[in-house]
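# Chain and residue survey
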Amino acid sequence: MNLLGLTEKLLNEAVRIAEGGADVRGSTGRGMEVIFEQNKLKAITASQSSVLDLRVINRGRLGAMATNKMEEVGLADVAKEAVDVSRFGQRIKFNLPRRPAGTLPTLKTYDAKVAKMSETKLVSLGKRLIGEILEREPAMMVNYLGFAVSEGESFFANSRGVARRERGTSNSFWVEISKITEEDFFQIGLDKTSVEANINYKEVVEKALEMAVWGKHVAKLRSGRMRVVFTPETARGLIGYFVSAANGKLVNEGVSRFTGKLGQQMFDPRLTLGEDPRIDWGSSSCVLDDEGVPTRPKSIIECGKVANFYYDLNQAAKAGRESTGNGFREPYFQADPGVTNVIVTGGEEVFQKLLKGENECLVVHQVLGAGQSNPYNGDFQLGVSLGYLARNGEIVGRVKDVSIAGNVFDLFRDSLVWISKEREWEGAYYLPYICLDKVSVTSS
Amino acid sequence: MTDRDGLKDRVIEVFKNGKRSVDYMDIRMGEGESTAIDIRKKRIEDVTRPRSFGGSVRALYKGGWGFAAFTRIDQLPEAVEKAKRFSRLIAGSKSILAEVPVVRDVVLAGDGEKDFLNKSLGHKVNILKYYDKMAWTVGPEVVNVNVSYGDSLTWKLFVSSEGSVIEQEKAMVYSLLQVTARKSGVVGRYHIHLTDTNFAALGNREEEVLTAARVAVKLTRAPQVTSGSYEVILDPLLAGVFAHEAFGHLSEADNVYENPQLAKVMRMGKRFGSPLLTIYDDPSELNFRGSYKYDDEGVAASRVVLLDKGVLAGRMHARETAGKMSEKPNGHARAAGVRAVPIVRMGITRILPGKSSFEEMLAGIKKGLYCINWQAGNTDHERFTFTAGYAREINNGKLGGIVRDVKLTGNLFETLKKVSMVGREEIVAGGTCGKMGQYIPENSAAPHIKISRVEVIGV
């Protein structure tokens, strides 16, 4: 039986015994990775996944089950178990969504060229890229270089007539080069992910090589407060604090800084960010969320004001609101509020020109310890694993043994210097370069 | 559960059929059943009993690895062909695997480990609710209590072209209680493990639950730590994370075996740390989260001393890394599930206890920090950062008030040399370690340790 058949069959089994309805999300994926290690081709791997996620509502309570045994036999049992565990499940106040009126748009999320990429082509591409790196920087090693391509398909169906098929592709490339001595571990890691086949590999490698040249000289840095530039790669962590604070679940729980602050001017008016689930080729684009609710664009911070919170069905019901189409579930997990493509509005001026205008600043490319801080308070304390000192737009050298700390919410209120015009995709985040003043910098 | 013997026969059959066209091949397959419960805000947010099945094939030909995973048994022949084809595509050097004995064994989970099997879902829910309720009682500052629970029983099969056939069962229970408190905009969080061994360990945890909740409340009033260098005492939980992050990852041979630059830094016999410091990894002691009898290459797990009185003495190996470095294999190739590639990992990483009492450690510290419990840790092999649950100030040998947001960082080579005292009694703690996207259960065990200088990043 195929995925569609299994999804429908499981839904039918569940609807027969769960009095309040049910929904099922069936998904399968297959992927391939070509992996180079220490300058050499090391492994080629093929992965496969499949899972059926079921939710039932019975006597006002939610029950869930998941299985990756993709066989017709046993599905009735899975449905029975979901109803069984619902005895202990949470009492819910929401209804499953009805089929949306009108026709839903179709987004571009599937690139056949990605699905068709061959291992032999990636092998020769990888060899060529490694050859170029070693020719230019013979003292460095290519620790890792790899390609991952995958395609996935999912079916969602619920007991109130919603049914939807989605297809997607993912294409990623990563490279890590290093030079290691007793006194110095110099490591540069870069990666790029896209829905489409058109990753500019050459550009990623050029960027790594440029950083290798900049890093040959180590620059001294004094501890104190100074201007710090976050590249799109590291800006993602900072913007994540805002996205997380607007999560309806954290707002409901009262731990978000934004609780009770809707509509208030909390930040610099130049800060605007939001979510757009419906862009073609966005890595998290979708028309319905994982609970069958239509997605829609929304702002989170608008000109420094807290503009919107986002909810799944459950958290929306708790807050006395409607789902905003932000119910997402990882396989084997319950739905939770989540976001799709996060877009930060760019500034007026290009990065190079802005950097020229700075007397002295620290440009942070990679950090250590992200995700370890207390996100609710907005505090961050990070080791700078790759950063450069810049003076009037010129890179002076690489910094070592430097940490940075601050409070994201305070810095974006009082100390935002500029946001660059150009932006880059970091996974599902579209981010500019961001310069913050008075960041605490410790050099040991 | 499915017919295990039937599955085993089908896998063994693959090796009988057809000519051997690669140097080495192994097939892993397994299934699992688990229970997950999540309580938040006094309500059950999630309760589920997921099931999983799958497997993978790994083939080695002239130094090239091919790998293919599958989720249905009928996809096995296709996966075998794919893995072989991939390995032949890479082939270019020589296949080198350390010699290991052929093993035929069946390892079952002990009754004490799988004691959750005869507990009803209602019983599990009630115990968690009991602790949840208790944590709310400490004060109005508590805004959330999250109790999560997971148990699982998995069965996995390993069959190799060398003739090994190993079945292993593993039972695990893990439960975490996290309290969030909030006062005047400051959020304090603190967590403890309710159990990381078996179900029985969930009993009699009232004192710890209340203490954890009180700490979360106190943290809302605690000042943030001031940045700077400190003399510190790490409690056993944090010292264990220190051993894992600051030294364990660097001792995983896959970083070293084909990287001459790093191999030069990590040469055996080199002084690396204080003479007081001995660190070893031994997954073979059973009944812990990170224990196993055979790794995912069918190699018996064994004790490996990584750092012997401060001198580099060994490293953790997979068969290939051991073979290429001409060192002894020690069974440290682990995969996060049967559909993932085995890579070199830790199992149970320990700091050997020393001679100092906690009082002796405190004495003589003029201005320092006693860092307690951990939140998370990372390393890039040169530097480490890890976050303590909280810290207490030490002034002239006396413990003082608590401070929050304590993140320790430093150059790990320098810091290992600064371990100035090692405590007497160790505590074993369970955790989960991520590497290359694979998350696996592990343990670390350590006594209190004192470090003469560590950087603390505050605000």
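What you see is a predicted model, and the numbers here were worked out from it, not measured in a lab. (Residues numbered from 1 in each chain as written. Chains lettered and ligands numbered in written order. Predicted model: local features only at pLDDT ≥ 70, side-chain atom pairs only at ≥ 80, totals over all residues.)

## A closer look at the overall build of chain A
Of the regular secondary structure elements, chain A holds 10 helices and 19 strands. At 24 Å, chain A has a C-alpha radius of gyration in line with the 22 Å of a compact globule built from 444 residues. The dimensions of chain A, computed from C-alpha atoms along their principal axes, are 70 × 55 × 40 Å. Per-residue burial over chain A gives 52% buried out of 444 residues. (Helix = DSSP H or I, 4+ residues; strand = E, 2+ residues; numbered from the N terminus. Rg over C-alpha atoms; globule rule 2.2 N^0.38 Å. Buried ≥ 20, exposed ≤ 12 C-beta atoms within 10 Å, placed from the backbone.)

## Examining the overall build of chain B
Along its length, chain B carries nine helices and 23 strands. At 24 Å, chain B has a C-alpha radius of gyration in line with the 23 Å of a compact globule built from 459 residues. Expressed along its principal axes, the backbone C-alpha trace of chain B runs to roughly 75 × 55 × 35 Å. Each of the 459 residues in chain B was classed as buried or not, and the buried ones make up 56%. The long-range fraction of contacts in chain B, counting pairs at least 24 apart against all pairs at least 6 apart in sequence, stands at 73%. (Contact = placed C-beta atoms within 7 Å.)

## A look at the interface of chain B and chain A
Taken together, the contacts link 60 residues of chain B with 58 residues of chain A. Taken together, the residues of the side of chain B that touches chain A break down into 23 nonpolar, 19 polar and 18 charged. Where strand β2 (residues 40-58) of chain A meets strand β4 (residues 64-70) of chain B, four bridges bridge the pair, whose relative direction is parallel. Of the residues in β4 of chain B, the one forming a bridge with Ala-46 of chain A is Ala-68 of chain B. (Nonpolar A, V, L, I, M, F, W, Y, C, P; charged D, E, K, R; others polar. Pairing = 2+ DSSP bridges.)

## Some points on the domain arrangement of chain A
All names here are of chain A. Along its sequence, chain A is organised into domain 1 (3-212) and domain 2 (217-444). Using C-alpha coordinates to define each centre, domain 1 is positioned 24 Å away from domain 2. Counting from both sides, the interface comprises 29 residues of domain 1 and, opposite them, 25 residues of domain 2. Of all the secondary structure elements, the ones that give two or more residues to the side of domain 1 that touches domain 2 are β1 (22-37), β2, β3 (61-67), β4 (141-158), β5 (163-180) and β6 (185-194). Of the residues contributing to the side of domain 1 that touches domain 2, the split by class is 16 nonpolar, five polar and eight charged. (Domains from an automatic or database assignment.)

## Quick look at the domain arrangement of chain B
Residue and element names in this part refer to chain B. Partitioning chain B into domains gives domain 1 (4-219) and domain 2 (228-457). Placing the centre of domain 1 and that of domain 2 at their C-alpha centroids yields a distance of 22 Å. Opposite the 33 residues of domain 1 that make contact, domain 2 presents 25 residues. Of all elements in the fold, only β1 (24-40), β3 (51-61), β4, β6 (142-160), β7 (165-183), β8 (186-195) and α4 (206-219) reach the threshold of two or more residues within the side of domain 1 that touches domain 2. In terms of residue count, the dominant contributor to the side of domain 1 that touches domain 2 is β7 (four residues). Looking at the side of domain 1 that touches domain 2, its residues break down into 16 nonpolar, 12 polar and five charged.

## So, unusual backbone geometry
Most peptide bonds take the trans configuration, and most residues that are not glycine carry a negative phi. All names here are of chain B. Phi is positive for Asn-287, close to 75 degrees, though the residue is something other than glycine. Along the chain, Asn-287 turns up in the loop between β10 (279-281) and β11 (304-308). Residue class for Asn-287 comes out exposed when judged on the 12 C-beta atoms lying within 10 Å of it. Phi angles above zero are rare outside glycine, and Ser-326 is one such case at about 50 degrees. In this fold, Ser-326 is placed in the loop between α7 (319-325) and β13 (333-334).

## Some words on the environment of Leu-369 of chain B
All names here are of chain B. Positionally, Leu-369 belongs in strand β16 (residues 367-379). For Leu-369, a count of 24 C-beta atoms within 10 Å puts it in the buried group. Residues Leu-369 and Ile-402, spaced 33 residues apart in sequence, show a C-alpha to C-alpha distance of 9.3 Å. In contact with Leu-369, not counting residues within four places along its chain, are Tyr-230, Val-232, Ala-391, Glu-393, Ile-394, Val-406 and Val-456.

## Considering the pairing of β6 of chain A
Residues and elements named next belong to chain A. Pairing of β5 with β6 involves 10 bridges; the strand directions are antiparallel. Counterpart to Ile-180 in the pairing with β6 is Phe-185. A loop of four residues connects β5 with β6, the two strands running antiparallel in sequence.

## Overview of the packing of helix α4 (residues 119-136) of chain A against helix α5 (residues 201-214) of chain A
Residues and elements named next belong to chain A. Across the interface, α4 lies against α5 with an axial gap of 11 Å and an inter-helix angle of 25 degrees. Judged on the interaxial angle alone, α5 and α4 are roughly parallel. Pair α4 / α5 crosses with right-handed handedness. Here Leu-125, Leu-129, Glu-132, Ile-133 and Arg-136 of α4 come into contact with α5, specifically with Tyr-201, Val-205 and Leu-209. Residues that form the contact of α4 with α5 fall into these classes: six nonpolar, no polar and two charged. (Axes fitted to C-alpha atoms, helices over the stretch in contact; angles between N-to-C directions. Parallel < 35°, antiparallel > 145°, perpendicular 65-115°, else oblique. Left-handed = near helix turned anticlockwise from the far one by under 90°.)

## Points about the sheet that holds β11 of chain B
Within a beta sheet, neighbouring strands are joined by backbone hydrogen bonds and run either parallel or antiparallel to one another. Residue and element names in this part refer to chain B. Strand order across the open sheet formed by six strands is β12-β11-β10-β15-β22-β21, with mixed pairing between neighbours. Both edges of this open sheet fall to β12 (311-312) and β21 (427-435), since each of them pairs with a single strand only. Sitting on the sheet, helix α5 (residues 236-248) is in contact with β10, β11, β15 (348-351), β21 and β22 (438-446), with an inclination near 120 degrees to β22.

## Section: the nonpolar core
Core analysis: the largest hydrophobic core is formed by 264 residues, its most contacted members being Leu-54 of chain A together with Cys-371 and Ala-391 of chain B. Filtering out sequence-adjacent residues up to four positions away, Ala-391 of chain B remains in contact with Val-225, Leu-369, Tyr-370, Cys-371, Ile-372, Ile-402, Val-403 and Val-406 of chain B. (Core = buried A, V, L, I, M, F, W, Y, C linked by C-beta atoms within 7 Å.)

## Here's the deal with the packing of helix α3 (residues 121-136) of chain B against α4 of chain B
Residues and elements named next belong to chain B. For the pair α3 and α4, interaxial distance at closest approach is 8 Å and the crossing angle is 40 degrees. Relative to α4, α3 is oriented oblique. The chirality of how α3 crosses α4 is right-handed. From α3, Tyr-131, Met-134 and Ala-135 reach across to α4, where they touch Glu-206, Val-209, Leu-210 and Ala-213. For the contact of α3 with α4, the class distribution of residues is six nonpolar, no polar and one charged.

## Details of the confidence of the model for chain B
This prediction gives chain B a mean pLDDT of 94; 99% of its residues lie at or above 70. ipTM for the predicted complex: 0.88, alongside a pTM of 0.91. (pLDDT = per-residue confidence, 0-100.)

## Structural notes on helix α1 (residues 3-17) of chain A
Residues and elements named next belong to chain A. Here α1 spans 22 Å end to end across 15 residues, near enough to the 21 Å set by a 1.5 Å rise per residue. Three or more residues of α1 are buried, namely Leu-6, Thr-7, Leu-10, Leu-11, Glu-13 and Ala-14. Down the axis of α1, the buried side of the element spans an arc of 160 degrees, and every buried residue falls inside it. More than 90 degrees from the buried face of α1, the exposed residues found are Gly-5 and Arg-16. (Expected span 1.5 Å × (residues − 1). Arc of directions from axis to C-beta.)

## Remarks on the pairing of strand β16 (residues 394-398) of chain A
All names here are of chain A. Looking at chain direction, strand β15 (residues 379-391) and β16 are connected through four bridges and run antiparallel. The partner of Leu-389 across the bridge, within β16, is Gly-397. A loop of two residues connects β15 with β16, the two strands running antiparallel in sequence, and Asn-392 in this loop sits at a positive phi of about 50 degrees.

## Quick notes on the environment of Ala-181 of chain B
All names here are of chain B. Mapping Ala-181 onto the fold places it in strand β7. Spatially, the C-alpha atom of Ala-181 lies 18 Å from that of Ser-148, the residues being 33 residues apart in sequence. Excluding residues within four positions of it along the chain, Ala-181 makes contact with Glu-141, Val-142, Val-143, Gly-188, Ala-216, Val-217, Leu-219 and Thr-220.

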